Amino acid sequence: MTPQTTPTPQTEPKAEAGGWVFGVTLTLLGFGFMLQSLFDTDIVVSGLVVLVVVVLVSLAGPRRGHSGRARFLPPLVLFPTFLFAFWYFITIKFGQFGLGPILFHANHGVEANGVVSEFLRTSRMPLAYIVALVVGLWLLSATDHRFRRIDRLAVLPLLVFNPFTWSVAEYVGDAEAASHKVVYSGYAEIGDLRKAGTNRPNLLILYLESSERTLMDEGAFGDVMAPLAPFAARGIELTNLHEAALTNWTLAGQVASQCGVPLMPLGLVTHNSFHFIDDAFMPGATCLADLLTRDGYETAFMKAAPLRFAGADTFAASHGWQRRLGFAELRDEIRAGMIEWGMHDEDLYDAVYREIKDMAATGRPYALAATNIGGHAPHGYVSPKCRTRPSVTRYDNPMLRAYRCTHELAAELLTRLQAEGYLDNTLVVVQSDHLAMRNSVYRQLKQRERRNFFVAFGPGIEPQAIDRDATMMDIYPTILELLGYAPPDGRAGIGVSLLSQNQTLIETHGLPALDKAIYGDTALRNRLWGVEAGS
């Protein structure tokens, strides 16, 4: 008789436990540290929270394996994950997510010198978090059949409640709902404007990369703005200069303050396939150097970075800047060494001094606009000349060291020019190009009411602080009035001179309404770029 044997119980095949736990760990680490970096929470506490969650979730591992046939197909939830990752990356690098700057730079390009490589080098941690999240989700789908069950159901909610989706929807909604009359009806064309009187003062504009008036809070940022205080005390200071939509990157700030309009990229709110006019930049706008060149000024546009970066060369060539000097044009004169963005501030300001000296020798009035690089995010660039100065080295934060250095160098340039008589008949403007993007003091900046910096001084200008609500567009007619051009009703572009009694658009409508109107004003965009309505 054959003995009966008791069948051995068959255990249900388990998923690859190691792979599942690894997937959970990567997913939670990636997502957890993305949130930590967004909200600037303590990284140690965040790490401990992630560790505890990983341990708890690991107790709920899958009890049976996934079919090997489909296990390595990418899950559908990766699509909303990539959208979230894109939103996160832009936000963590620049402080906010905006379609306008993204589309503009996509049209005009960002490759110049070592900018892209440096950008990626300083983005290693955010990119690592994104990779961890994506790989973790993929491993979860490969090792847990339950994940596959909910994958299709989770896609729609993850798309609907995705910050990328909300940002785009808000942008498009603002554009569609905005009243175009708010902006376009306030546009003043001043192409025929003539200067009153015979005196033609020179003009020097120093754009301070990412410097802002908020840095004057000494309790939070020390005295990084102190080198500029003597110049602010002798002229006009705008103390309530807000940042409006599409004025929040370097060229956009320059366009706003020189043309009185926001930089409205083509293709933002209509279907024109991002058409770009290669040989003209906003041909419908009349800008500062257009008027000055027509009236006999020598003009020079200078940057520490390459001119070709993001369309600055096309803007300068299209709007009256005769001499255009950036990193490539000044490379042979560099003494302090090069950085990813181009040259250090000390080399730029030496070049500015030489350029002013040469232009002054012609006997003609001149206008020069120069943009430095020292305050650029995320950590700034301290010129070699400043690296042993106690006034700079006493700051522990690298961004504050960079701010203090760049402000000292700007003040030294102005002092040198003044001592040699080059400012005797010169309107000097020192201003922000835009509010700082995400840098090592960004958290402190965000906790305050942020404002751009603007000071103007020169012959005949009485010291005063103007506390009116204004934007960078209002700087343009203000500068014109200080030069003696007196635009009708104080208006130029959509800006209003702060020396006039007329209300600015932000005083009339408030910043949120103005921003929405800017996003949706296809009529103004068409006029500035010379495109047909409906294109």
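Starting from 1, residues in each chain are numbered consecutively following that chain's sequence as written. Local features in a predicted model are, by the rule used here, given only for residues with pLDDT of at least 70; side-chain atom pairs are given and counted only at 80 or more, and totals for whole chains, interfaces and linings are based on all residues. Note that the side-chain values use all heavy atoms of the structure and ignore hydrogens as well as water.

**Overview of the overall build of the chain**
Item 1. Helix and strand definitions here come from DSSP, where helices need a minimum of 4 consecutive H or I residues and strands a minimum of 2 consecutive E residues; each element is numbered from the N-terminal end. A count of helices and strands for the chain gives 23 helices and 12 strands.
Item 2. Working definition: with a 1.4 Å probe on protein chains only, accessible area under 20% of the residue-type maximum means buried, over 50% means exposed, and in between means partly exposed. Classification of the 535 residues of the chain by burial places 56% in the buried group.
Item 3. Put simply, of all contacts in the chain between residues at least 6 apart along the chain, 78% involve residues at least 24 apart.
Item 4. Working definition of accessibility: Shrake-Rupley area with a 1.4 Å probe, residue cover restricted to the visible protein chains. Accessible surface for the chain amounts to roughly 23400 Å². Of this, 58% is attributable to carbon and sulfur atoms. By definition, residues are in contact when any of their heavy atoms lie within 4.5 Å.

**Focus on unusual backbone geometry**
Item 1. Cis peptide bonds are those with omega within 30 degrees of zero, and the linkage from A377 to P378 qualifies with 5°.
Item 2. Residue placement: P378 occurs in the loop between β7 (366-371) and α17 (390-393).
Item 3. In the Ramachandran plot, S210 falls in the positive-phi region, its phi being about 65° despite a non-glycine side chain.

**Section: the pattern of salt bridges**
Item 1. Any Lys or Arg side-chain nitrogen found within 4 Å of a carboxyl oxygen on Asp or Glu counts as a salt bridge. For the structure on display, the rule yields 17 salt bridges.
Item 2. One salt bridge in this structure joins R404 and D223, with 3.4 Å as the shortest N-O distance. Of this pair, R404 sits in helix α18 (residues 398-419) while D223 is found in the loop between α10 (218-221) and α11 (229-233), placing the two residues 181 residues apart along the sequence.
Item 3. With its nearest N and O atoms 4.0 Å apart, the salt bridge here joins E420 to R416.
Item 4. Looking at R416, the relative accessible area reads 37%, which means it is partly exposed.

**Quick word on the pairing of β7**
Item 1. The buried fraction of β7 amounts to 6 of the 6 residues, a majority that puts the element mostly inside the structure.
Item 2. Two strands are said to pair when DSSP picks up at least two bridges between them. Relative to β7, strand β1 (residues 202-208) is paired through 5 bridges, and the arrangement is parallel. Its bridge partner lying in β7, L204 is registered against L368.
Item 3. Inspection of the sheet shows strand β3 (residues 298-303) paired to β7 by 6 bridges, in the parallel sense. Bridge pairing links E298 to Y366 in β7.

**Observations concerning the packing of helix α16 (residues 345-360) against α18**
Item 1. With their axes 10 Å apart at the nearest point, α16 and α18 run at an angle of 20° to one another. Taken together, the axes of α16 and α18 are roughly parallel relative to one another. With respect to the hand of their crossing, α16 and α18 are arranged in right-handed fashion. Every residue of α18 that contacts α16 at D345, E346, Y349, D350, V352, Y353 and I356 is listed here: T406, L409, A410, L413, R416 and L417.
Item 2. Lys, Arg, Asp and Glu make up the charged group, whereas Ala, Val, Leu, Ile, Met, Phe, Trp, Tyr, Cys and Pro make up the nonpolar group; the residues left over, Gly among them, are polar. Residues of the contact of α16 with α18, tallied by class, amount to 8 nonpolar, 1 polar and 4 charged. Every angle, taken between N-to-C directions, lies between 0 and 180 degrees, and every axis is a line fitted to C-alpha atoms, over only the stretch in contact when it is a helix. Should an angle fall under 35 degrees it is called roughly parallel, over 145 degrees roughly antiparallel, and 65 to 115 degrees roughly perpendicular, with every other angle called oblique. Crossing handedness is read from the near helix: turned anticlockwise from the far helix by less than a right angle, it gives a left-handed crossing, and turned clockwise, a right-handed one.

**A short note on the state of the cysteines**
Item 1. Disulfides are defined as pairs of cysteine sulfur atoms found within 2.5 Å of each other. By the definition in use, this model includes 2 disulfides.
Item 2. With its sulfur 2.0 Å from that of its partner, C259 forms a disulfide with C287. Between C259 and C287, the S-S torsion sits near 105°, and that sign places the bridge as right-handed. Pair noted here: C259 is in helix α12 (residues 250-259) and C287 is in the loop between α12 and α13 (288-294), with a separation of 28 residues, a long-range link. The exposure classification of C259 matches that of C287, with both residues buried.
Item 3. Here C386 engages in a disulfide with C405; their sulfurs sit 2.2 Å apart. Between C386 and C405, the disulfide has an S-S torsion of 80° and is therefore right-handed. Residue C386 is found in the loop between β7 and α17, and its partner C405 is found in helix α18; the two are separated by 19 residues along the sequence.
Item 4. Should the bonded cysteines of the chain be numbered as they appear in the sequence, the pairing reads 1-2, 3-4.

**Topic: the sheet that holds strand β4 (residues 323-325)**
Item 1. A sheet is described by the order of its strands in space; here 8 strands give the open sequence β4-β3-β7-β1-β8-β9-β2-β10, paired in mixed fashion. Two strands lie at the open edges of the sheet, namely β4 and β10 (464-466), each paired on one side alone. Within this sheet the neighbouring strands show an average axis-to-axis angle of 10°, counted without direction.
Item 2. Summarising the sheet, β1 and strand β8 (residues 426-432) pair through 7 bridges and their orientation is parallel. Bridge pairing in β8 links N202 to T426.
Item 3. Together, β1, β3, β4 and β7 form the strand contacts of α16, whose direction differs from that of β7 by roughly 175°.

**Examining the nonpolar core**
Item 1. Put simply, buried Ala, Val, Leu, Ile, Met, Phe, Trp, Tyr and Cys residues joined by side-chain atoms within 4.5 Å make one nonpolar core. Counting 70 residues, the largest nonpolar core has L203 and I479 as its most contacted members.
Item 2. Sort the elements by how many residues they give to this core and helix α20 (residues 475-483) lands first, with 6 residues.
Item 3. Excluding residues that lie within four positions of it along the chain, I479 makes contacts with L203, I205, S257, L288, L427, V429 and F454.
Item 4. Membership of the second largest hydrophobic core comes to 60 residues, among which are L204, M225, A310 and Y349.

**Let's talk about the packing of α12 against α20**
Item 1. It is at 5 Å that the axes of α12 and α20 come closest, and there the two elements cross at 45°. One element, α12, and the other, α20, form an angle in the oblique class. Contacts between α12 and α20 involve A256, S257, Q258 and C259 on the former and, on the latter, I475, Y476 and I479.
Item 2. When its residues are assigned to classes, the contact of α12 with α20 shows 5 nonpolar, 2 polar and no charged.

**Some points on the pairing of β3**
Note on strand geometry: in a regular strand, side chains alternate between the two faces of the sheet.
Item 1. Counting buried positions along β3 gives 6 out of 6 residues, so the element sits mostly inside the fold.
Item 2. Burial of the side chains of β3 extends over both faces: E298, A300 and M302 are buried on one face and T299, F301 and K303 on the other.
Item 3. Viewed with both strands pointing away, a crossover whose connecting path from the first strand over the helix to the second turns clockwise is right-handed. Each parallel crossover has a hand, and the one from β3 via helix α14 (residues 312-318) to β4 is right-handed.

**Focus: a nonpolar patch on the surface**
Item 1. Two joining distances apply to patches: 9 Å for like charges and 5 Å for nonpolar side chains (Val, Leu, Ile, Met, Phe, Trp, Tyr), and every residue must have over 30% relative accessible area and no salt bridge. Taken together, the side chains of L156, V160, F161 and W166 make up a nonpolar region of the molecular surface, amounting to roughly 490 Å² of accessible area.
Item 2. If you trace the backbone, W166 turns up in helix α8 (residues 163-177).

**Digging into the confidence of the model for the chain**
Item 1. One number per residue, pLDDT, summarises how confident the predictor is, and it ranges from 0 to 100. This prediction gives the chain a mean pLDDT of 84; 80% of its residues lie at or above 70.
Item 2. In the predicted structure, residues 268-276 sits below a pLDDT of 50 and forms 24 contacts with residues beyond four places in sequence or in another chain.

**Comments concerning the environment of F39**
Item 1. Assignment of secondary structure puts F39 in helix α1 (residues 17-39).
Item 2. Overall, the relative accessible area of 59% leaves F39 in the exposed class.
Item 3. Sequence spacing of F39 and R443 is 404 residues, and the spatial spacing of their C-alpha atoms is 8.9 Å.

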